[in-house]
Amino acid sequence: RKINSSSSLMFPRITTFTSLSSSKSTSEAPGAQNDSSTMSSPPPKANKKREAHSSTSREKLTRIGRWEEMHGNYVLAPPSMQQPRALIHFLGGAFVGAAPHVAYRYILERLSDRGYLIVATPFNLSFDYLTTCDSIIDKFERIAPMLARQYGAVPVVGVGQSCGALLQLLITSLFPDTPRAANVLLSFNNKEVSEAVPFFEEVFAPLFVGISEGVGGTAKLESLLDLARAAALGELPSDELLSDVSNNFASGLPLPFTQEQMSIPSALRENIASAIQPTSTALNEAGILSILNQGLDVIDQIPLLVNEVADGARDFVPPPDMVKTAARRAYRARRTLLIQYKNDGIDESEEVEELLKEAESIMRMKRPMVTMGIERKVLEGNHATPLLAPPLDLASRLEDVLGETAPERLLYAQADDTVNEIAKWLEEAQL
């Protein structure tokens, strides 16, 4: 589905949603029709057994505040179920993007209080940006029809920080079936792997290859993460998981039992479960188990990246130059706000501002009546500013104790400035 120039770019209705594939994402991308291999790479290897171990944990993830998990997205409705001003589709930065509703909880809840419907879509960091975008869109489209029925026509605004800002740019440029009324790009950067990760070729690439090719590959790390996941759920590990741990760590060692016999007797399992249940319930009600689970989602990306590097990944797909060319030719958001922080040494907001102005010039040659508003704001802070704030409920309690100086004393006044700038810009845009 192509965007109609007369479209209001409102929230697509249920009948307009289609499943996107990575082949569609190369629309108007340079070289896409001639050599699709330049725009894609083999997907990360899936560990089916490990997915089975984690399935129960996914079902039992506890809620954090007013957040609700829906088909792989984290959704936060405006308070009092009011009609939202717009839907903010949020993507976080590298690694922390796997738990956006935890890492960016403060600024997202502040925006929700301003009347915005928040959909934060987690993603695993990968060298293949196109596959990542495809996964993000697939998750979003699973809930979009339901939200459209509930709220009607609502403008969709893409908001992303760091890597998430880059992904929003790619989605708006290469995925024509995913329109955006506007984009807010925080701390944008589009660097090569060698610049983004110091000593990547000299240290990390050989290290990751060595880990992958070692005895058991990444299986040992994955087993430890699965054990940690069970503990974070307040559960005992399954017999199947214990058997896998035994296979990965005790292979070749003289044991008084076979690895297949690695299990906890049912009666003992029930007694232990009963003993730990009060503690588990208390931790769950305090929200600690949820935070631990989301922290493991962040760490869970490491084995995937190790395997990608071992399979030959050495740069992002598409690489920075191709990202620039694609955005220059096909970026379509009518309004874009770039937020840059004064002490952010890796920010490239000025470069992308010039790039998007070129995109507007190219667009106006095709459609003279179309305008693209592009604005850049420079705020106090650094690359981590959107992350440096306590949860909103905790911040409210701290402000009761410390008074109006709490934001400055606890270093989240700059996060408030970010929220205020986004909300002000969206209100003035009258989407």
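For the structure itself, look to the data block above.
Notes on the structure follow. (Residues numbered from 1 in each chain as written. Predicted model: local features only at pLDDT ≥ 70, side-chain atom pairs only at ≥ 80, totals over all residues. Heavy atoms only, no water.)

Notes on the overall build of the protein
For the protein, the helix and strand inventory stands at 17 helices and eight strands. Across the 431 residues that make up the protein, the buried fraction comes to 49%. Within the protein, contacts between residues separated by at least 24 positions form 81% of all contacts whose residues are at least 6 apart in sequence. Surface summary for the protein: the accessible area is close to 20200 Å², and the carbon and sulfur share equals 54%. (Helix = DSSP H or I, 4+ residues; strand = E, 2+ residues; numbered from the N terminus. Buried < 20%, exposed > 50% of the residue type's maximum accessible area, 1.4 Å probe, protein only. Contact = heavy atoms within 4.5 Å. Areas by Shrake-Rupley, 256 points an atom, 1.4 Å probe, with all protein chains shown as cover.)

Side note on the pattern of salt bridges
Under the defined criterion, the tally for this structure stands at 10 salt bridges. Across the salt bridge formed by R142 and D138, the nearest N and O atoms sit 2.7 Å from each other. You can see R142 and its partner D138 sitting in helix α4 (residues 129–151), four residues apart, about one turn around the helix. R142 sits in the partly exposed class, given a relative accessible area of 46%. Judged by relative accessible area, which is 33%, D138 ranks as partly exposed. Between K191 and E348 there is a salt bridge, with its nearest N and O atoms 3.1 Å apart. Residue K191 is located in the loop between β6 (182–186) and α6 (193–196), and its partner E348 is located in the loop between β7 (335–341) and α14 (349–366); the two are separated by 157 residues in the primary sequence. Given a relative accessible area of 15%, E348 falls into the buried group. (Salt bridge = Lys/Arg side-chain N within 4 Å of Asp/Glu carboxyl O.)

Things to note about the packing of aromatic side chains
If you walk through the whole model with that rule in mind, you get three aromatic pairs. Through successive ring pairs, a cluster of aromatic residues spans F127, Y129 and F316. (Phe/Tyr/Trp six-rings, centres within 6.5 Å; stacked < 30°, edge-to-face > 60°.)

A look at the pairing of strand β5 (residues 156–161)
Counting buried residues in β5 gives six out of six residues, a clear majority hidden from the surface. Side-chain alternation along β5 places V156, G158 and G160 on one buried face and V157, V159 and Q161 on a second face that is also buried. Of the strand pairs in this sheet, strand β3 (residues 87–91) and β5 are connected by five bridges, and their pairing is parallel. Looking across to β5, one finds that L91 is bridged to G160. Bridge count for β5 against β6 is five bridges, and the pairing is parallel. Across the sheet, residue G158 finds its bridge partner in β6, namely N183. Handedness of the crossover joining β5 and β6 through helix α5 (residues 163–174): right-handed. (Pairing = 2+ DSSP bridges. Right-handed = clockwise from strand over helix to strand, strands pointing away.)

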